[in-house]
Amino acid sequence: MTDFSESDQQFMTLALEEARRAATLGEVPVGAVVVLDGKIIALECNRQITLNDPSAHAEVLALRKAGQMLGNYRLPDCEMFVTLEPCTMCCGTLVHARLKRLVFATTEPKAGAVTSTNNTLDNPALNHHVDWQQGLMASESAQLLRDFFKSRRG
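Below is a summary of the structure that appears in this document. (Residues numbered from 1 in each chain as written. Predicted model: local features only at pLDDT ≥ 70, side-chain atom pairs only at ≥ 80, totals over all residues. Heavy atoms only, no water.)

Moving on to the pairing of strand 3 (residues 78-84). Of all the seven residues making up strand 3, seven are buried; the element is thus mostly covered by neighbouring parts of the structure. In this structure, strand 1 (residues 31-36) lies alongside strand 3, joined through five bridges in antiparallel fashion. Directly across from Leu-36, in strand 3, lies its bridge partner Cys-78. Of the pairings in the sheet, the one linking strand 3 to strand 4 (residues 101-106) comprises five bridges and is parallel in character. Bridging across to strand 4, Val-82 finds its partner in Phe-104. In this fold, strand 3 hands off to helix 4 (residues 88-96), which returns the chain to strand 4; that crossover is right-handed. (Buried < 20%, exposed > 50% of the residue type's maximum accessible area, 1.4 Å probe, protein only. Helix = DSSP H or I, 4+ residues; strand = E, 2+ residues; numbered from the N terminus. Pairing = 2+ DSSP bridges. Right-handed = clockwise from strand over helix to strand, strands pointing away.)

Below you can see the structure in the form of C-alpha cells.
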C-alpha cells in the first residue's frame, strides 16, 4: 500500500469535485488538478461533449491551462491528481509536458494506459519518465463512475 500525504488527499478531493462537475454537465465524471510547489495551478473536468472535442479529457485540459498559467508547455516540476487512470492520449501528453508526478485514483480496465491496457509511462524508449502512484481515494472515484453509468442506463 502506497502512502499518500495529507496534501495529496486534499488535491484528490478537489479532483473528485471536478469529476462531480463533469457529471452535472453530462460528461463522464473525471477530474484533474495540476499542482506546482504545493499550489493549485489548474483544475479541470472532462468536457468532450460540451466542447465537441475528442481531446477534451480532464488531463489534457488541465495541462493546457497549466501551460498557459506558467507560459510554458513544459511542466517538469508539476504534479497531477486525476480521478481515473489516464488513457494513451493523456499519457502521451503527460510525457510531452515532462510532468514530474501523476497520482490517479482508480484504474480504467478498458482504456487505462498506465497499468490496465499498457504500461505507457514505464516505457524505457520514451524520452521522459513520469513518476506515478495509484489508489488514492479509489473507492470514491470508482463509486462516482458506477453511479454515473448506472443513471445513464436507467
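Another point: the side chain of Glu-59. For Glu-59, the location among the structural elements is in helix 3 (residues 58-70). One buried charged residue, Glu-59, forms no salt bridge at all, with the nearest opposite charge on Arg-64 at 11 Å. Setting aside its immediate chain neighbours within four residues, Glu-59 contacts Val-30, Ala-32, Met-80, Val-82, Leu-84, Pro-86 and Cys-90. (Lys, Arg positive; Asp, Glu negative; His and termini not counted. Salt bridge = Lys/Arg side-chain N within 4 Å of Asp/Glu carboxyl O. Contact = heavy atoms within 4.5 Å.)

Glancing now at the sheet that holds strand 5 (residues 131-134). Read from one edge to the other, the open sheet built from five strands follows the order 2-1-3-4-5, with strand pairing classed as mixed. Either end of the sheet is taken by a strand with one partner, and the two such strands are strand 2 (39-45) and strand 5. The sheet shows a mean angle of 15° between the axes of neighbouring strands, direction not considered. Against the sheet, helix 3 makes contact with strand 1, strand 2 and strand 3, and its axis sits at roughly 140° relative to strand 2, the strand it touches most. (Axes fitted to C-alpha atoms, helices over the stretch in contact; angles between N-to-C directions.)

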